[in-house]
Amino acid sequence: MLRNILAAVAGYFAMAAVLFALFLLLWLTLGPSRAFEPGTWEVSGGWALGSVVLGLVAAYIGGRVCAGVAHDARAATILIAVVIVLGVVTALMPVEMAEGPRPDDVSMMEATAGARQPAWLSWLNPLIGVVGVWFGSRRLRA
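Treat the numbers as computed from the prediction; the structure is a model and nothing was measured.

Asks: Help me understand the pattern of salt bridges in this model?
Replies: The tally for this structure, following the rule as stated, stands at two salt bridges. Here R116 ties to E42 by a salt bridge, and the two come within 3.5 Å at their closest N and O atoms. Of this pair, R116 sits in the loop between α4 (108-114) and α5 (119-136) while E42 sits in the loop between α1 (2-35) and α2 (45-69); the two residues are 74 residues apart in sequence, bridging distant segments of the chain. Measuring nitrogen to oxygen at the nearest pair gives 2.7 Å for the salt bridge that ties D72 to R74.

Asks: I tried to follow the nonpolar core on my own but got confused; where do I start?
Replies: One recurring pattern in soluble globular proteins: nonpolar side chains tend to sit buried together. Counting residues in each nonpolar core, the largest one holds 13 residues, and the members touching the most others are L26, W27, A35, F36, W47 and V106. Elements with a contribution of two residues or more to this core: α1 and α2. Each residue touching W47, except ones within four places of it in the same chain, is listed here: F23, L26, W27, L30 and A35. Grouped together as the second largest cluster of nonpolar side chains are 11 residues, A8, M15, A59 and A75 included.

The rules behind these values
- Residues numbered from 1 in each chain as written.
- Predicted model: local features only at pLDDT ≥ 70, side-chain atom pairs only at ≥ 80, totals over all residues.
- Heavy atoms only, no water.
- Salt bridge = Lys/Arg side-chain N within 4 Å of Asp/Glu carboxyl O.
- Helix = DSSP H or I, 4+ residues; strand = E, 2+ residues; numbered from the N terminus.
- Core = buried A, V, L, I, M, F, W, Y, C linked by side-chain atoms within 4.5 Å.
- Buried < 20%, exposed > 50% of the residue type's maximum accessible area, 1.4 Å probe, protein only.
- Contact = heavy atoms within 4.5 Å.

This is the structure we're talking about:
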């Protein structure tokens, strides 16, 4: 059982690392002018679509890492449970967002702190994570 817990932890950390790297690349690709709606802190449709795709990729990789370390399929179940719980908690947490118009040039850290994403995206993230982990860990269930 300890190995399954460690596999879930390894999968989660892999997801987090991959998400950080992929979102950094997305930010460098889009920049603030295409990551946000003009003059606002609302994320653009391109950013929302990109975050769905990148979240799925990261969750898949997390599932693969989990499957590589795991003893059996319970590790993937643990990782899926963690993704659901943390995703729902994150969606329920109130977030302080930047006020007023967005400057033309903002850093990634400022953008992360001030961005306003649609509520549906916050609730979709746990589902994206579950689907990605499930597909990434399917070797455990075969």
